[in-house]
Amino acid sequence: MTLDIRKVTANIGAHVSGVDISKPLDEETYAALREALNVHKALVFDEVNLDDETHQAFVRHFGEVTTAHPTVASVDGAPNVLPVDSERGRAANHWHTDVTFVLNPPQATTLRSLTVPPYGGETLIASSAAAYRDLPEPLRLLADTLWAEHTNDYDYAVPDEALDEAQAAARAQFTSIKYRTVHPVVRVHPLTGERGLFIGGFAQRIVGLSVGESRRILDLLQSYVTRPENVLRHRWSENQLVIFDNRITQHYAIDNYDGAPRRLHRVTAAGDVPVGVEGKESHSIEGSAAHYTAVAA
C-alpha cells in the first residue's frame, strides 16, 4: 500500500489513506505518520476496523499507553480506554488540551468513533502553533515569559447548584484527586522545536497575577487559538480514528446533537514534561499522576 496524506486545511489536519492501522506498522510507515503528525497536528483515518485491543496497539507505536484517565473510570475490561459517551455527560464542550493538570500530559490523543449522531457532534481541533505564530510580536514576547497554573478543580462556569444529581456525581469523580501543576504558557515541542500556546480550559491563573488579571490575559491568548483559520472542524463518521498532537493542539466537542447517542473511545500516549522557551520544565504543586502515566523520555 502507498501512504497518501492530504491536507484538510492550511494550518491543521490531514486525511491519511493507504495504510491499514489495524495491523503492526513497519518503521518506515510509522516514521511517515509521525512526521505527518508533526506537520499537520491532527490526522484522520477512515474505515479503521479497530477494536479496543488493536486501537491500543496502534497508539503504542507512538509511545507507552496511559491508563484511561487520572480520575474517570475506563471502559469495562479495558483500563487504558476512556469512553467518551454522551450518556456519561458532555463536559468536553469547552476548549482544552487533555489532562494538562498533571505534570506530564499525554503527548498524543486518539479518538475512535463507535456511534455517531445523525447530525452535529463534531470535534474541533485547533493548532496552538498557528496561534503562537499569529501573535503580534509584543504579545509573543510577553507570552514567552508567562507560566500558568492548571487544575482539574474549578467550576467549568457552571455553579454546583445548577447541576443535577448525575452531573454532580461526575464532577465529584473528576475532582476526586485534586491536581495543580504549573506549565509554561509557551511550550517548546520536543520533536520539532515549534512553539505553541499551552493553555486551554484547565489553565486558570497566570503565576504572579490575580485571577481577574489572569483571566483577561488568558482570554486574549485563547482568542488566537480559536481563530477559524486555526481550527479543523471534524464531522464524524462511524469507524474513523483521529489522532492529534496533544502537546500543540486544543480541542472542543460540540454539543449540538440534541439527545442522540454519541460514543467514542479514547486512548492516549504518555507524554514528556513540558519545557518553556528558557528550557525550564513544568512543576507539580499538588496531586500525583503516577497511577495514570509514565513520563516519556
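See the structure printed just above.
Thresholds, definitions, all that
- Residues numbered from 1 in each chain as written.
- Predicted model: local features only at pLDDT ≥ 70, side-chain atom pairs only at ≥ 80, totals over all residues.
- Heavy atoms only, no water.
- Core = buried A, V, L, I, M, F, W, Y, C linked by side-chain atoms within 4.5 Å.
- Buried < 20%, exposed > 50% of the residue type's maximum accessible area, 1.4 Å probe, protein only.
- Helix = DSSP H or I, 4+ residues; strand = E, 2+ residues; numbered from the N terminus.
- Contact = heavy atoms within 4.5 Å.
- Polar contact = N/O pair within 3.5 Å; in protein donor to acceptor, adjacent residues only side chain to side chain.
- Pairing = 2+ DSSP bridges.
- Axes fitted to C-alpha atoms, helices over the stretch in contact; angles between N-to-C directions.

Asks: Can you explain the nonpolar core? Please cite residues and give values.
Replies: In this structure, Ile-21, Leu-43, Phe-45, Phe-58, Leu-241 and Ile-243 are the most contacted members of the largest nonpolar core, which totals 25 residues. For this core, the secondary-structure elements that each account for two or more residues are strand 2 (14-17), helix 1 (27-40), strand 3 (42-45), helix 2 (52-60), strand 13 (241-245) and strand 15 (263-269). Top contributing element to this core by residue count: helix 1, with 4 residues. If we ignore the near neighbours within four places in the chain, the residues touching Phe-45 are Val-16, Val-19, Ile-21, Leu-33, Phe-58, Asn-239, Gln-240, Leu-241 and Ile-243. Ranked by size, the runner-up nonpolar core spans 22 residues in total, among them Val-186, Tyr-224, Val-225 and Val-231.

Asks: So what's going on with the side chain of Ser-128? Which residues, and what values?
Replies: As for its placement among the helices and strands, Ser-128 is situated in helix 3 (residues 128-134). A residue is classified by how much of its surface remains accessible, and Ser-128, at 1% relative accessible area, is buried. Within polar-contact distance, the side chain of Ser-128 engages the backbone oxygen of Ile-248 at 2.9 Å. Among all residues touching Ser-128, those that are not within four sequence positions of it are Arg-195, Gly-196, Leu-197, Ile-248 and Thr-249.

Asks: Go over the side chain of Thr-181, please, and point to the residues and values.
Replies: Take Thr-181: it is sitting in strand 8 (residues 180-184). Using a relative accessible area of 0% as the deciding quantity, one classes Thr-181 as buried. Here Phe-101 takes part through its backbone oxygen, which lies 2.6 Å from a polar atom of the side chain of Thr-181. Setting aside its immediate chain neighbours within four residues, Thr-181 contacts Thr-100, Phe-101, Val-102, Leu-103, Ala-148, Glu-149, His-150, His-283, Ser-284 and Ile-285.

Asks: I'd like a rundown of unusual backbone geometry, residues and numbers included.
Replies: The phi torsion at Glu-47 lies on the positive side, around 45°, for a residue other than glycine. With respect to the element layout, Glu-47 can be found in the loop between strand 3 and helix 2. In this structure, Asn-49 takes a positive phi of about 55° despite not being glycine. Within the fold, Asn-49 resides in the loop between strand 3 and helix 2.

Asks: I'd like a description of the sheet that holds strand 8, backed by residues and values.
Replies: Two pairing modes exist for strands in a sheet, parallel and antiparallel, and in both the strands are linked by backbone hydrogen bonds. A sheet is described by the order of its strands in space; here 4 strands give the open sequence 11-7-8-16, paired in antiparallel fashion. Pairing within the sheet leaves two strands with one partner each, and these edge strands are strand 11 (203-206) and strand 16 (283-286). Across this sheet, the average inter-strand angle for adjacent strands is 30°, counted without regard to direction. Where strand 7 (residues 147-151) meets strand 11, 3 bridges bridge the pair, whose relative direction is antiparallel. Bridge assignment links His-150 to a residue of strand 11, and that residue is Ala-203.

The quantities given are spatial measurements derived from coordinates; they are silent on function.
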